[in-house]
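What follows is the residue order along each chain.
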Amino acid sequence: MLKIENLQANVGVTQILNGLSLTINAGEIHAIMGPNGAGKSTLAYTLGGRPNYEVTDGSVSFTTSVRAEPVDAQTDDPSTSSGRTDQTLDLLDMDPHERAAAGIFLGFQYPVEIPGVSNLQFLRESLNAQRKVRGEDPLSGAEFIKLAKEKAGLLKMDMEMLKRAVNVGFSGGEKKRNEMVQMGIIDPKLAILDETDSGLDIDALRIVGDGINSIMRKPDKAVLLITHYQRLLDLVKPDFVHVLANGKIVKTGGPELALELEEHGYEAVAA
Amino acid sequence: MNALPTKGDEAWRYADLKLLADVWQDVPSPEQITVKAGESMARQICEIPVIGNGVAMADLDIVIEDGATFTLHVLAAAVQYGRINIKTTLGKGSHFELGGAILGNGDQSLEIVTETIHAKPEATSNQVVRSVLGGKATGTFMGKVHVARDAQRTDAAQSVKSMLLDRSATANSKPELEIFADDVLCAHGATVGELDKEALFYMASRGLDPETAKRLMLQAFIGDAFVSAADDVREAIEGKALTILEALS
Ligand SMILES: Nc1ncnc2c1ncn2[C@@H]1O[C@H](COP(=O)(O)OP(=O)(O)OP(=O)(O)O)[C@@H](O)[C@H]1O
Ligand SMILES: [Mg+2]
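Keep in mind it's a predicted model, so treat the numbers as computed, not measured.

What counts, and at which threshold
Residues numbered from 1 in each chain as written. Chains lettered and ligands numbered in written order. Predicted model: local features only at pLDDT ≥ 70, side-chain atom pairs only at ≥ 80, totals over all residues. Helix = DSSP H or I, 4+ residues; strand = E, 2+ residues; numbered from the N terminus. Rg over C-alpha atoms; globule rule 2.2 N^0.38 Å. Buried ≥ 20, exposed ≤ 12 C-beta atoms within 10 Å, placed from the backbone. Contact = placed C-beta atoms within 7 Å. Core = buried A, V, L, I, M, F, W, Y, C linked by C-beta atoms within 7 Å. Pairing = 2+ DSSP bridges. Axes fitted to C-alpha atoms, helices over the stretch in contact; angles between N-to-C directions. Near = placed C-beta within 6 Å. Nonpolar A, V, L, I, M, F, W, Y, C, P; charged D, E, K, R; others polar. Expected span 1.5 Å × (residues − 1).

> I'd like a rundown of the overall build of chain B, residues and numbers included.
Within chain B, the regular secondary structure consists of 4 helices and 13 strands. Relative to a compact globule of 249 residues, whose C-alpha radius of gyration would be 18 Å, chain B shows 18 Å and is just as compact. Each of the three principal axes of chain B carries a C-alpha extent, and together these read 55 × 40 × 30 Å. Within chain B, the proportion of its 249 residues that are buried is 43%. A separation of at least 24 residues holds for 81% of the contacts in chain B among residues at least 6 apart in sequence.

> Got a sec to walk through the nonpolar core? Specific residues and values, please.
By size, the foremost hydrophobic cluster in this structure holds 139 residues, and its most contacted members are A:Ile104, A:Ile192, A:Val223, A:Leu225, B:Ala76 and B:Val132. Looking at which element gives the most residues to this core, the answer is helix H3 (residues 210–226) of chain B, with 8 residues. Other than its neighbours up to four places away in sequence, A:Ile104 contacts A:Leu47, A:Gly48, A:Phe62, A:Arg99, A:Pro188, A:Leu190 and A:Ile192.

> An account of the sheet that holds strand S9 (residues 190–194) of chain A is needed here, citing residue identities and associated values.
Whenever strands of a sheet pair, they do so through backbone hydrogen bonds, lying parallel or antiparallel. Residues and elements named next belong to chain A. Strand order in the open sheet formed by 6 strands is S6-S9-S10-S3-S11-S12, and the pairing between neighbours is mixed. Of all the strands in the sheet, the pair left with one neighbour each is strand S6 (104–107) and strand S12 (248–253). Taken over all neighbouring pairs, the strand axes of this sheet differ in orientation by 20 degrees on average, direction set aside. In this sheet, S9 lies alongside S6 in parallel orientation, the contact comprising 4 bridges.

> Talk me through the site of ligand 1; I want residue IDs and the actual numbers.
Residue and element names in this part refer to chain A. The environment of ligand 1 is formed by 13 residues, the closest being Asn36, Gly37, Lys40, Ser41 and Thr42. Of all the secondary structure elements, the ones that give two or more residues to the shell around ligand 1 are strand S2 (14–24) and helix H1 (40–48). Of the residues forming the shell around ligand 1, the biggest block, 3 residues, is contributed by H1. When grouped by side-chain class, the residues that make up the shell around ligand 1 number 3 nonpolar, 9 polar and 1 charged.

> Can you explain helix H9 (residues 255–270) of chain A? Please cite residues and give values.
All names here are of chain A. The end-to-end C-alpha distance of H9 is 15 Å, clearly below the 22 Å that 16 residues give at a rise of 1.5 Å each. Residues Leu257, Ala258, Leu261 and Ala270 constitute the buried set of H9. The inward-facing, buried residues of H9 abut strand S3 (29–33), helix H8 (230–235), strand S11 (240–245) and S12.

This is the structure:
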């Protein structure tokens, strides 16, 4: 689904990513751990296409299964075609909103406040903008509200909060939970979640963990979880755990690697 | 009609006097509005009346009698030089509410100039002005508040925020307070900013194209000026503002 090869990126004039490679297949959950300042958020932002994050080398390709365009109604035989086909995109060539429409969702370490714009308006416009790019019909107001209610319910968030301005006056934990409500509504193919667990209380962590599983644990989806804590990985069990240090992946293992890190620290395990 | 103002006249220092000179003789005298004691009145200026030569001007001289309320919403946009002059005299316990938006680009110059006279005690005034300026446009708000000696317990507030879409645009905000009473609340806030880049990226990461993201943010920004309007007024003036915004950004 996602293939990152030798990715090098600058933030401003400083090189932060130093030849990072990582492959994520559909159906997999990958965790990335690593010391503060290692470049984890930089990786997430670079994949999201944030301005001022300049890729100087390497490649990122994103492959998803999309609805096949019927080339010709006459020759297109529905009995032999599943109606879906694989599409591979050069992610680095796309604008941030195009990456989102292609199916990439970024859960922010520090979700941004947007004064005066309600969550519901924001999400409905976002979802419909994505649907438009994909050639799908927009959701009506009623359809959207039904969807929003369902996802807010899943994350146990009060609908009243969704009527408020995006993240304005939300507590740290509420912002993180709101990211997951957004993810539920947008229903991406690949979620890159940057410390979504930080700032959550014990009950909220469980709700968010269950939310991630129910929204993203599907054969055609994948998750990249950036975290500092085993607690989240107990809930959302990763298939692979990577250690990111100094702008590259320095070690990869299974779930046991996270436990090893927890016990011995980065220095000892990833040296 | 009075003589053509000069740059030396404080209230006209940002005006396009060159354009004004040719049409000065056609500038009508101020419209007199009186809100009778205890009554409420609302007015809107969605389009500044054009005088000619790219100049549009509105000029209101409002007297709000004791206990009365006057609510005014204005939109300064769509002309080369546009000016809205608002002189308000407040009676005892009366209220003046102003919501204004200034939307300019190119080399437009648009201004809202208010003179608010708290002549009697216990009156309140609230002025909210939002400007969105692109290109080499200039947006100006000048707000003079005069509080007379016996106008105790006056509460006069001004909130002026400007958003520059280009570094070449200019926002002027000039409050002026003349306060002769001692028990008075006068709050003035003025900011000049640009579109929040972090918010734009956040919105893009959810799939919003740059134009839509910008539109949502600007709509929310100028919305502050119209929250005090009745629903139908709000719909009309905000709708007009949005159409202009879309062409502008
Ligand atoms: N605008 C910038 N200019 C220069 N350096 C920057 C800029 N933004 C981030 N950095 C640097 O890039 C490095 C990587 O930062 P990043 O936020 O990716 O770390 P991280 O792994 O997410 O850390 P944490 O665990 O603390 O969230 C840090 O040393 C940081 O100071
Ligand atoms: Mg980080």
